[in-house]
Structures are given as C-alpha cells and as structure tokens.
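Fold and geometry: a report
Chain residues, written in single-letter form:
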There are 2 protein chains.
Amino acid sequence: MASRLVAIESADDPRIADFRDIRERDLTGRQNRFIAEGTVVLRVLVEASHGGRFATEKVLLLRNRVDGVAAILERLPDDVPVYVAEADVLDRIVGFHLHRGVLALGRREVVGTELVDRLPERSLVLVGCGISNHDNAGSMFRNAAAFKADAIFLDETSCDPLYRKAVRVSVGSVLSVPYERKGTALDVLTRLAASGFAIWTLSPRGETDIRAIPPTDRMALVVGTEGEGLPPALLERFQSARIPQSEGLDSLNVATATGIALFAMSSAAKLI
Amino acid sequence: MASRLVAIESADDPRIADFRDIRERDLTGRQNRFIAEGTVVLRVLVEASHGGRFATEKVLLLRNRVDGVAAILERLPDDVPVYVAEADVLDRIVGFHLHRGVLALGRREVVGTELVDRLPERSLVLVGCGISNHDNAGSMFRNAAAFKADAIFLDETSCDPLYRKAVRVSVGSVLSVPYERKGTALDVLTRLAASGFAIWTLSPRGETDIRAIPPTDRMALVVGTEGEGLPPALLERFQSARIPQSEGLDSLNVATATGIALFAMSSAAKLI
C-alpha cells in the first residue's frame, strides 16, 4: 500500500492542480469532473466507479488519514494515483481547512441510454424543478437514497448535483442514485407520464393528502424550489398532493418536505 | 407613521449599537436579547410580544423597506423606536449585506411557571438533546410549528434557539412554539414521563416503526444530535422508534428525521 503513495511537497505541484482553491470554483462545468470529500463519499465514489457511471481519477489525502481509508484504497484500480500531503501543504492547496483530509477527483461517464428507459417496471422517482440551492439538491439525493427512490430527474434550471457542496450534503448519494438533468420540467413530466408514471406534484395547496395517494407501480413525486414553488402551469396539468400541516405558516423547508413526501409514497408502495 | 421613524445617519450612532456586527456576535447571552431578521420574523415577533413571552425593544429598517412593513409597525407599541437607515449606513452597521433590510432587537421575558405545567391534557412535544447546530435547532422549531407540536424541550447542552441563525432558519417559529432549555436530557425525560408523557426516543436502531406508534394523549419525541445520536443510557431507559429506510446508509439529516417523525406522530394523534 505504502508503495502507491506519492508525496506532495508543494501546493504548486501540477499533479494536484485540480484540488486547488476548490471552495471558490465549480469544477462540474469542466468535462464532468467533480470533487468528493470525506471518507464516506470516497467510499461511495470508489464503489460507484466499479459500476461504470463514474470514475475515480486521483485521490489526495492528509498523511494521517491514510490508515483510515486503507480498505477503500484497496478497491481502487492500480493506475489511480494516490497523493499524500502534510496538513500545511494540504490547507494551502485547497484554500481552506474543512476538507476533512480526504479528497478525490471524480469523473462522470457519459451513459448512452435514457434514464427513463432503464427504470424497472415498479419504480418511484423524484423530479426536481428549479432546485438551484446546492444544499437542497444534496438533501434530495440523501432522502431519495433513504426511501429507495429508483432515480432522480432534474430539469435544466436545477443546479448540477455534482457541485462540491451538493455531493457533500448528499453524503455521496448523488453517486449512488441514478439521475438525469436536462430539458424543461414539462418535457420531463410529459415523458414520465408517457412511460406510465402517475405524476404527483407537491404543493401546500395540493388536492390529495400525501397520506392518501393510491399506490401504483410507477409513481413520480415532483418538487419545486422553496419560495416560488412549482409553476402554476404544472400544478394545473398534473395531479397535486399536499403535506397536511398548520395553516398560516410558511411551507416546510424543501428538503424536509421532500423527505416526508418520499417517506409517505415509499410507505404506500410498500418499499419501506 | 412617518412621524415615528428616526433617521440614523452614522453607523456609530449609539442608539443602534445593538445591531452592530451581528454576524459575529451572539447576543443571547446578554440579558435575553436576540436579533430578528426579515419581514416574516418581525411579524411573528410583534405578535409574540402581545402574548407576553417576548418584547420588541427596537426596530431598524432599510429606508426602502418601510412601506412593506407598515402594517406590522402599526401593531408595535408607540414607545418602541423605529430607526431607518440608507443601504450604505445599514451595511456598515450590521457588517454584512444579507439582512434583507428588516431587523429588530427582541427580548425574552422570564416566565415563572414550568413549561410542563402549562401543557394541555392532550399534547405532543419535541425534546432535543445536544442539538448544537443552529440550523438544526431552527429547523426543529419550524417542523414543530408545522405539525402542531405544543412545546419543545431542549437539554442544557443544546444551543440557545434565539441565536440569530436559528431564529432565521425557524422562520420565526422559535417565537411561536413555547420552549424551555435547561437540565440534563435525563432530567427532562424523567419529568415528562412523570407528567404522563409516553417517551419515544428516535434512533436508526429504534424498536418500533414510527408508523406503528400507538397514539396516546401525551407523547414526546426525543431526538439527538446528528452523528453521535442519543446516548445509549437514554435509548435503553425509554421506548425507541425508528424511521424505516434503506440499510447501510448514514441516517437521515436530523432536521428531516425530526420532520418525518413529527409528521407520523401528529398523524397518529390526529392533529393533522
């Protein structure tokens, strides 16, 4: 194991340039690269790399974290470099101190087929419209993983879930829950409806109590951004559901609301 | 209305010293004072002040936000000063730009009786142990308000929910949901149990599915901090519940888990 470790002595070393100042930069626009932070996310990335949807390009570790991730590194292909630095060098590289000493550069692989065509006959999916907050995007993936949703569809106005903070908040679930991000929300829902999905938009003024949704083989939960909510055109066109709650309050935080609605729908479908 | 507005021309004006550099300071240690930000929270504070648990000491507004909060100001007692400043002065006072132009200094009043003695015969309460993250504390209050919990009990190791960020994340619910913060978690639970509450600790390894909790007149949901969770001594001593979910994942975010558990218990109690 020790033999594969490459010591980095300078923050200017070109081999670790991808990790420089990552707080301020968003790598996702650059050829599908992204940053994974922390032991749990590294483990998920390495496992996901075996599945073909992602690849691990390089790893950068704080010297004293090497032993703690040894079992994960054994699952890494031999040609993936593992760089190691002392704390002062690592802090200078990444530009801040909250990286927990475990970093990796991942790459999203391009998958040819449409996600909707790869879904099983019985499936529960989550659709996000205009989810621009990285925390909310990450939480949605974490909740989807917890309640066994099969996939997430994001419209083109939602943020890229591989943005560093979303990856971290999702605790790696953006790498384990299949997703697609493209098209308008109406395109996405029309395609899902044509594929047999019962579409349930979530809104404080939704018609059906979320606890009373009739289970069907294919169900899609649709959530919008906090504040604005879903566009009226979508709410009018598809069935709507609400989470019962006190009146006269602001609606629940979108991450919590998504968690509750998935919990209810996953219960109805007897997935949990 | 215009007659009660007092213009502030300098960031050094002693009348608005309480609002200076509020991002870095925590006022809550200082004689129960706290900062309320934003129109919604100001409205809740002014209404809560009529109830006697809180008072509004002063208001500080961005000049162009005055019209938008006129109806709220009408509910303010005449002796509460309302200061107004232009954007450049206001930014210098508070030290950052994300205050949304509506600020107030509130005061928590000391209530003589114990909270548990003021609860109705049928009630649902939330207990937080070691909740040190201000976002999580704020979210717990927001969820408690949404699902009609009657009160929140925090142990002495939890943070003060009147910390600025918790107030903001709660969307003012820390001012509307009665709470008490004192004693050890064991003290709090022992007292609630003696007052007829069925105690349900929440844990990924809890014994009872949260959807199967038998409704009783008095129910307490107990949540711990993310990561550590509740101390084993509490889990062993009281009944435990779990939110069913995928295995092998990190548990849900504590705010989401609390929201789901309250949703389930409030459903069982037919409060929603």
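Described in the following lines is the structure provided in the data block. For clarity, every value in this text was computed on a predicted model and none was experimentally measured.

Taken as rigid bodies, chain A and chain B are interconverted by a rotation of 180 degrees and an axial shift of 0.0 Å, the fit giving an RMSD of 0.0 Å. Taken together, the rotation angle and the small translation identify this as a two-fold axis. A symmetric contact is evident, with 100% of the interface residues of chain A recurring at the interface of chain B.

Residues and elements named next belong to chain A. Inspection of the secondary structure assignment puts Ile93 in helix α3 (residues 87–94). Judged by relative accessible area, Ile93 falls into the buried class, the value being 0%. Each C-alpha atom of the pair Ile93 and Ile16 lies 8.0 Å from the other, and the pair is 77 residues apart in sequence. Apart from the residues lying within four places of it in its own chain, the contact partners of Ile93 are Ile8, Ala11, Ile16, Phe19, Arg20, Asp21 and Leu60.

Residues and elements named next belong to chain A. Residue placement: Ser123 occurs in strand β6 (residues 123–128). Look at Ser123 and you get buried, because its relative accessible area is 5%. Not counting chain neighbours up to four residues away, the residues in contact with Ser123 comprise Asp150, Phe197, Asp217, Arg218 and Met219.

Counting 122 residues, the largest nonpolar core has Ile210 of chain A together with Ile210 of chain B as the members making the most contacts within it. When residues no more than four places from it in sequence are discounted, the contact partners of Ile210 of chain B are Phe263 of chain A together with Leu202, Ala241, Arg242, Ile243, Pro244, Ala261, Ala264 and Met265 of chain B.

All names here are of chain A. Orientation of helix α4 (residues 134–146) relative to helix α9 (residues 254–268), taken along the N-to-C sense of each, is 15 degrees, at an axis distance of 9 Å. Put simply, α4 runs roughly parallel to α9. Every pair of crossing elements has a handedness; the one defined by α4 and α9 is right-handed. Residue-level inspection shows Asn136, Ser139, Met140, Asn143 and Ala144 of α4 in contact with α9, the latter providing Val254, Ala255, Thr258, Gly259 and Leu262. Residues belonging to the contact of α4 with α9 are distributed by class as follows: five nonpolar, five polar and no charged.

A separate point is the environment of Leu76 of chain A. All names here are of chain A. By secondary structure assignment, the location of Leu76 is in the loop between α2 (70–73) and β4 (82–85). By relative accessible area, which is 5% here, Leu76 ends up buried. Here the alpha-carbon distance between Leu76 and Ser203, two residues 127 residues apart in the chain, equals 44 Å. Residues contacting Leu76, with those up to four places away along its chain left out, are Arg4, Val46, Thr56, Val59 and Val82.

This part covers the interface of chain A and chain B. The interface is formed by 26 residues belonging to chain A together with 26 residues belonging to chain B. At the boundary of chain A with chain B, total buried surface from both sides reaches about 2,200 Å², with 61% on carbon and sulfur atoms. Sorting the residues of chain A by area buried against chain B places Arg142, Arg211 and Phe263 of chain A first, and these three jointly supply 25% of that buried surface. Linking chain A with chain B are zero salt bridges. The interface formed by chain A and chain B includes eight residue pairs in polar contact (both at pLDDT 80 or more).

Residue and element names in this part refer to chain A. Taken as a whole and judged by the stated rule, the model has six aromatic pairs over all chains. Judged by centre distance (5.7 Å) and plane angle (85 degrees), the ring pair of Phe34 and Phe54 falls under edge-to-face. Within this pair, whereas Phe34 is found in strand β2 (residues 33–37), its partner Phe54 is found in strand β3 (residues 54–62), the two being separated by 20 residues in sequence. Across the pair, exposure class does not vary: Phe34 and Phe54 are buried alike.

Cut-offs and rules
- Residues numbered from 1 in each chain as written.
- Chains lettered and ligands numbered in written order.
- Predicted model: local features only at pLDDT ≥ 70, side-chain atom pairs only at ≥ 80, totals over all residues.
- Heavy atoms only, no water.
- Least-squares fit on C-alpha atoms with pLDDT ≥ 70 in both.
- Contact = heavy atoms within 4.5 Å.
- Helix = DSSP H or I, 4+ residues; strand = E, 2+ residues; numbered from the N terminus.
- Buried < 20%, exposed > 50% of the residue type's maximum accessible area, 1.4 Å probe, protein only.
- Core = buried A, V, L, I, M, F, W, Y, C linked by side-chain atoms within 4.5 Å.
- Axes fitted to C-alpha atoms, helices over the stretch in contact; angles between N-to-C directions.
- Parallel < 35°, antiparallel > 145°, perpendicular 65-115°, else oblique.
- Left-handed = near helix turned anticlockwise from the far one by under 90°.
- Nonpolar A, V, L, I, M, F, W, Y, C, P; charged D, E, K, R; others polar.
- Buried area = accessible area lost by both parts, 1.4 Å probe.
- Salt bridge = Lys/Arg side-chain N within 4 Å of Asp/Glu carboxyl O.
- Polar contact = N/O pair within 3.5 Å; in protein donor to acceptor, adjacent residues only side chain to side chain.
- Phe/Tyr/Trp six-rings, centres within 6.5 Å; stacked < 30°, edge-to-face > 60°.

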